[in-house]
Amino acid sequence: MTVPTALPAWRSLEEHRREIADQHMRDWFENDPQRFQRFSLQWGEILFDFSKHRITDKTLGLLLQLAEQSGLRAKIDAMFAGDKINVTEDRAVLHVALRHRGDRAIYVDGRDVMPEVRRVLAKMRRFSEQVRTGQWRGFTGRPITDVVNLGIGGSDLGPRMVTTALTPYHKEDLRVHYVANVDEADLLDTLKGLDQETTLFLVVSKTFTTQETMTNARSARDWLLTAAGGDESAIARHFVAVSTNRHAVQAFGIDPDNMFEFWDWVGGRYSLWSAVGLSIALAVGMDRFEELLEGAYAMDEHFRTTPFSRNLPVVMGLLGIWYADFFGAESHAVLPYDQYLRHFPDHLQQLDMESNGKGVDLAGRPVDYPTGPIVWGQPGTNGQHSFFQLLHQGTHLVPCDFLVAARSHHELGEHHRILVANCLAQAEALMRGRTFEEARAELAAQGVADDRLDLLAAARTFPGNRPSSLFLYPELTPKVLGSLIALYEHKVFVQGAVWNVNSFDQWGVELGKQLARAILPELEGGQTGDHDASTRALIEHCRRLRGTA
Ligand code: F6P
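Treat the numbers as computed from the prediction; the structure is a model and nothing was measured.

Let's hear about the site of the ligand: which residues, and what values?
Taken together, 14 residues lie near the ligand, and Ser155, Ser205, Lys206, Thr207 and Thr210 sit nearest. At 2.7 Å, a side-chain N or O of Ser155 approaches an oxygen atom of the ligand. Side-chain polar atom of Lys513 to an oxygen atom of the ligand: 3.0 Å apart, as the coordinates give it. Computed on the free molecule, the ligand has an accessible area of 400 Å², of which 87% lies beneath the protein chains in the complex.

Below you can see the structure in the form of structure tokens.
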């Protein structure tokens, strides 16, 4: 297994990076009227503009060679074929099967998984229709008005993000809430305005052992039972489970008929397409949920079959590698100009950072090159009035993704036009910048005194040459959203493949969980365990503050 840094294309890219170090994108645009045409791709409804990147034809050619030399083609084929590419957990990685709309069989261990996938989708349809039409009744016979999704990580972020993104498609008299944090404030605040008789809980946990979710689920069950006079038969009307762990679901007291299954070949952060997305289906209806799947499937097919040079996730992934490994960019900003996409960066944080935040390669060797970036962001235009200052004039290079719909679902006065104008302007400003001379001339024209010109012009100079991608689509429909999410999933795949890491395990989350289990009883008194002096002192101080010393 070759390390990526030893590949010929990697070496050439290092050299090429030095060649273009002093070149400015502004000049490239001026000298090449076709630059946008050459560095943009229209795929379905999505336009991907990557012309505002520090790339030339040669850069792209070398990056594509890097993809080839990394064995990306074979790795994509292995994922779609159901090979156990998650080597540390010995599992296939088949979230693509969840949204597969064709007739092809997809095998895991020699068994076609598609009949099971379709069976659960049909069960989701039946159930969501019953709840949405009011046929499903609570323990006093009233229809459901509020759904509370209890889950964390992939069992929360994806469904929460999609449900919020598709707000214009919601059924108005059915509200969907999300509770993730074990901090009781999350649950209590959510339950405050709700009625036990009309609230349905979805306990969503792949393992059904996650401390936060199970703690919230037990408290929610107590809340229900208080109103039901302790009658446990009420649980069947108010609790359903989404899990791979049938045994634990039953032990919790949830009727197995009210369990929606998924499978160990679906990673938590890739699970919104499964029954983990039940809250989405309840909010927008199963037809819309299936449109979301269709959008993702179209992207899967594009990723699987399109030559790398025209393949959106491939190009996007390679651009990220270019900055992370050759420019030392440590982070990546995702900036949706869409209030409904406000949870998109949160979802991508888990998707990207849990997948590629890895320090050993597939052979278990420590890597000596940067892997997954720190992903962050929030919707525009809000960010423009806080952190964009650093993006424009700070000392860090932060590649950005802008996402924007040409039309809004509402079209209130000038709002949307202003939103779009700002989005396009930010990408332009990051690329072009403003030279010292331009700033100075502007100030002089405004009559600024000569002795202040240099100081003020320096502060108003923008270096520019700061890279961004822009995704433009007509409207944020379920289908477009499905494609966008799948695009990011496959981008993460491409990067993991080149970095030669396992993008599908997450062992880094385990140690903290283990230590928390040890500390938990110690907070109540008794012997403190084997801790460093700081942790021991903190436990003891906490006990004193809680009055349990
Ligand atoms: O702790 C990390 C993690 O395992 C994520 O990968 C996962 O999405 C989340 O916890 C929740 O896990 P579960 O769905 O099993 O409750």
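Structure's up, so let's keep going.
Tell me about helix α8 (residues 157-165), and name the residues and values.
The buried fraction of α8 amounts to 7 of the 9 residues, a majority that puts the element mostly inside the structure. All of the buried residues along α8 are Gly158, Pro159, Met161, Val162, Thr163, Thr164 and Ala165. Tucked inside the fold, the buried residues of α8 contact β6 (175-179), α13 (278-284), α14 (286-305), α16 (344-356) and α21 (478-499).

Help me get a handle on the pairing of β6, residues and values and all.
Walk down a regular strand and you will see the side chains alternate between the two sheet faces. Relative to β6, strand β5 (residues 146-150) runs parallel, the two sharing 5 bridges. Bridge pairing links Asn149 to Tyr178 in β6. Crossover β5 to β6 through α8 is right-handed.

I'd like a description of the sheet that holds strand β1 (residues 40-43), backed by residues and values.
The 6 strands are arranged β1-β2-β13-β12-β10-β11 in an open sheet whose pairing can be described as mixed. Two strands lie at the open edges of the sheet, namely β1 and β11 (374-376), each paired on one side alone. Pairs of neighbouring strands in the sheet enclose a mean axial angle of 15°, with direction left out of account. As judged from the 6 bridges shared by strand β12 (residues 400-405) and strand β13 (residues 468-473), these two strands associate in the parallel manner. In the strand pairing of β13, Ala405 is matched with Tyr473. Strand contacts of α16: β10 (331-336), β11 and β12, with the helix running at about 165° to β11, the strand carrying the most contacts. Where α21 meets the sheet, its contacts fall on β1, β2 (46-49), β10, β12 and β13, and the angle it forms with β13 comes to roughly 155°.

Give me the lowdown on the packing of aromatic side chains, citing residues and values where you can.
Using the criterion set out here, one finds 23 aromatic pairs in the structure. Their ring planes at 85° and their centres at 5.4 Å tell us that Phe344 and Tyr488 sit as a pair that is edge-to-face. One end of the pair, Phe344, is in helix α16; the other, Tyr488, is in helix α21, with 144 residues separating them in the sequence. Look at Phe344 and you get buried, because its relative accessible area is 1%. Each residue in the set Trp10, Trp322, Tyr323, Phe326, Phe327 and Tyr369 is aromatic and connected to the rest through ring pairs, giving one cluster. Over the ring of Phe29 we find Arg35; its NZ or CZ atom is 5.3 Å from the centre of that ring. When the ring centre of Trp136 is taken as reference, the NZ or CZ atom of Arg237 above it lies at 4.3 Å.

What counts and what doesn't
Residues numbered from 1 in each chain as written. Predicted model: local features only at pLDDT ≥ 70, side-chain atom pairs only at ≥ 80, totals over all residues. Heavy atoms only, no water. Near = heavy atom within 4 Å. Polar contact = N/O pair within 3.5 Å; in protein donor to acceptor, adjacent residues only side chain to side chain. Areas by Shrake-Rupley, 256 points an atom, 1.4 Å probe, with all protein chains shown as cover. Buried < 20%, exposed > 50% of the residue type's maximum accessible area, 1.4 Å probe, protein only. Helix = DSSP H or I, 4+ residues; strand = E, 2+ residues; numbered from the N terminus. Contact = heavy atoms within 4.5 Å. Pairing = 2+ DSSP bridges. Right-handed = clockwise from strand over helix to strand, strands pointing away. Axes fitted to C-alpha atoms, helices over the stretch in contact; angles between N-to-C directions. Phe/Tyr/Trp six-rings, centres within 6.5 Å; stacked < 30°, edge-to-face > 60°. Lys NZ or Arg CZ within 6 Å of the ring centre and 35° of its normal.

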